[in-house]
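Listed below are the residues making up each chain.
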Amino acid sequence: MNIKKITFTYIMIHVVFWCSYAIAWSYTAVYLKSCGYDNSVVGLVTGIGAVISVILQPVLASATIRFPWMNNKTKVILLKILSLILAVAIMAKMPGIYTIAVLFTLIAAIDASIPSMLSSMAMEYVNAGKDINYGLARGTGSIAYALISLFLGYAVEWLGTQFLMVLYIFLGMVTAGITVFFPYEDQKKEKTKKDNQRRTGISALFGKYVFLPFFLTASIVLFMGHNMVNVFLLNIIERAGGNSTNLGLALAIAAGVELPVMMFFVKLEKRIKVEKLLVISAVFFTVKSVFTLFAVNVGLVYLMQFLQFGAFALFTPASVYFINKAMEQTDSGIGQALLGSCSLGLGGTLGNVLGGFILDGAGVDAMIWCTVILSAVGIGLMGISARIYEKTIDFS
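Residues numbered from 1 in each chain as written. Predicted model: local features only at pLDDT ≥ 70, side-chain atom pairs only at ≥ 80, totals over all residues. Heavy atoms only, no water.

A. Spotlight on helix 17 (residues 329-362). Taking 1.5 Å of rise per residue, the 34 residues of helix 17 would be expected to cover 50 Å, and the 46 Å separating its terminal C-alpha atoms lies within 8% of that figure. At Cys-342, helix 17 shows its strongest bend, of approximately 30°. After helix 17 finishes, the residue Gly-363 shows a positive phi value of roughly 100°. (Helix = DSSP H or I, 4+ residues; strand = E, 2+ residues; numbered from the N terminus. Expected span 1.5 Å × (residues − 1). Bend = angle between axes of the 7 residues up to and from the residue.)

This is the structure:
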């Protein structure tokens, strides 16, 4: 299979996966409330699911060291099959008051763990000198996520919430099926080198890669602020005099500007060092938060959403390529897992919880100020990370 067909297959995996991810995460509340659960249970499901994914990702990455057959492609297929079994069990309405909630928690944890493995699948090709376009695939996934979220809003109204599980099962089967046909890049030329190279355990990574604690902490605080704005965007829009209709357009704008940046990231990365792109993205996260403070009407909220191109849209591919560049190939799988755990996992969860508390206790403005502070801290930490990495390269 030539690289264009491989890239197309990889894009389709992202498209279908992010559609199923939207059901598991964006429509958690809709489905669980239809099953009779209250908001507190919904919060526990998303919170515990995120925590499990934070633990699961590095554990699965480490498992590859013991079991070489458990490559990233295999793990994605096995995890999707497991999530399908859980979804079927949900539809079967197994006995127990909290059974559905527990099963949905596991589904959410599984789907939150898969993106880091998809990233590693692409980086295996990059390391082999094959030009697979990770940014295009991830950006297309973002568009698919936005479109399916919009579609599901109408579909649930017409067909009921059970349609969500039916569609999730179908999308999961397609994801696993396409992934089966994605050729695994085993990098046979590097096999002897890898076999002789000692893989680093998770506990020793931070000593080996001094920049890593700063980079991961920066990812956490940046995503805390990012999630506060994203999750509570409706509150920000209502503050500006808008409503849920404006929310849909605001989300569509953000998704729309992500694709061009991610699509052309490979060309951008050849002109500007990836560690510098990460600092630039941290600056954009902060600029977006500051702009949000002054978004006093819906038009300014829309304009604020355009800043997504330099924040999340730039950070997502840049962080994946940075881990791949800065860490040895035998360690980069665990590095990608830690990145996923710290950004979408830990950062997202803490952002949701902290944002909710601040919103209830002090209001929207206080929450936005918190995102400004977090993003500013993220600039400093990312700058330190980049500087330490550059010094490491200079002296190596």
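There's more to say after this.
B. Local environment of the nonpolar core. If you look at the biggest cluster of nonpolar residues, it comprises 128 residues, and the most contacted ones within it are Tyr-10, Phe-211, Leu-212 and Phe-215. With 15 residues, helix 5 (residues 99-127) is the largest single contributor of residues to this core. If we skip the residues at most four places from it in the chain, Tyr-10 touches Leu-118, Ser-119, Met-121, Ala-122, Ile-132, Tyr-134, Ala-137 and Phe-182. (Core = buried A, V, L, I, M, F, W, Y, C linked by side-chain atoms within 4.5 Å. Buried < 20%, exposed > 50% of the residue type's maximum accessible area, 1.4 Å probe, protein only. Contact = heavy atoms within 4.5 Å.)

C. Main features of helix 14 (residues 274-293). Under the 1.5 Å per step criterion, the end-to-end length of helix 14 is 29 Å for 20 residues, consistent within 8% with the ideal 28 Å. When we look at burial in helix 14, the residues that qualify are Val-274, Glu-275, Leu-277, Leu-278, Ser-281, Ala-282, Phe-285, Thr-286, Lys-288, Ser-289, Thr-292 and Leu-293.

D. Just the pattern of salt bridges, in detail. Tallying each qualifying case throughout the model produces six salt bridges. One salt bridge in this structure joins Lys-208 and Asp-331, with 2.8 Å as the shortest N-O distance. Here Lys-208, found in helix 9 (residues 202-208), pairs with Asp-331, found in helix 17; they are 123 residues apart in sequence, far enough to count as distant. What emerges from the salt-bridge pattern is a single network uniting Lys-208, Glu-328 and Asp-331. (Salt bridge = Lys/Arg side-chain N within 4 Å of Asp/Glu carboxyl O.)

E. A look at unusual backbone geometry. Non-glycine residue Lys-93 carries a positive phi angle of around 55°. Tracing the backbone shows Lys-93 in the loop between helix 4 (72-91) and helix 5. Classification of Lys-93 as exposed rests on a relative accessible area of 52%.

F. Structural view of the packing of helix 6 (residues 134-159) against helix 12 (residues 244-263). At a minimum axis distance of 7 Å, the contact between helix 6 and helix 12 shows a crossing angle of 170°. Here helix 6 lies roughly antiparallel to helix 12, going by the angle between them. Contacts from Gly-135, Leu-136, Arg-138, Gly-139, Thr-140, Ser-142, Ile-143 and Ala-146 in helix 6 reach Ala-255, Gly-256, Glu-258, Leu-259, Met-262 and Met-263 in helix 12. For the contact of helix 6 with helix 12, a count of residues per class yields seven nonpolar, five polar and two charged. (Axes fitted to C-alpha atoms, helices over the stretch in contact; angles between N-to-C directions. Parallel < 35°, antiparallel > 145°, perpendicular 65-115°, else oblique. Nonpolar A, V, L, I, M, F, W, Y, C, P; charged D, E, K, R; others polar.)

G. Focus on the side chain of Lys-75. Inspection of the secondary structure puts Lys-75 in helix 4. Salt bridges are absent for the buried Lys-75, whose nearest opposite-charge side chain, Glu-124, sits at 7.7 Å. In this structure Lys-75 touches Leu-60, Ala-61, Thr-64, Met-70 and Met-117, once residues within four positions along its chain are discounted. (Lys, Arg positive; Asp, Glu negative; His and termini not counted.)

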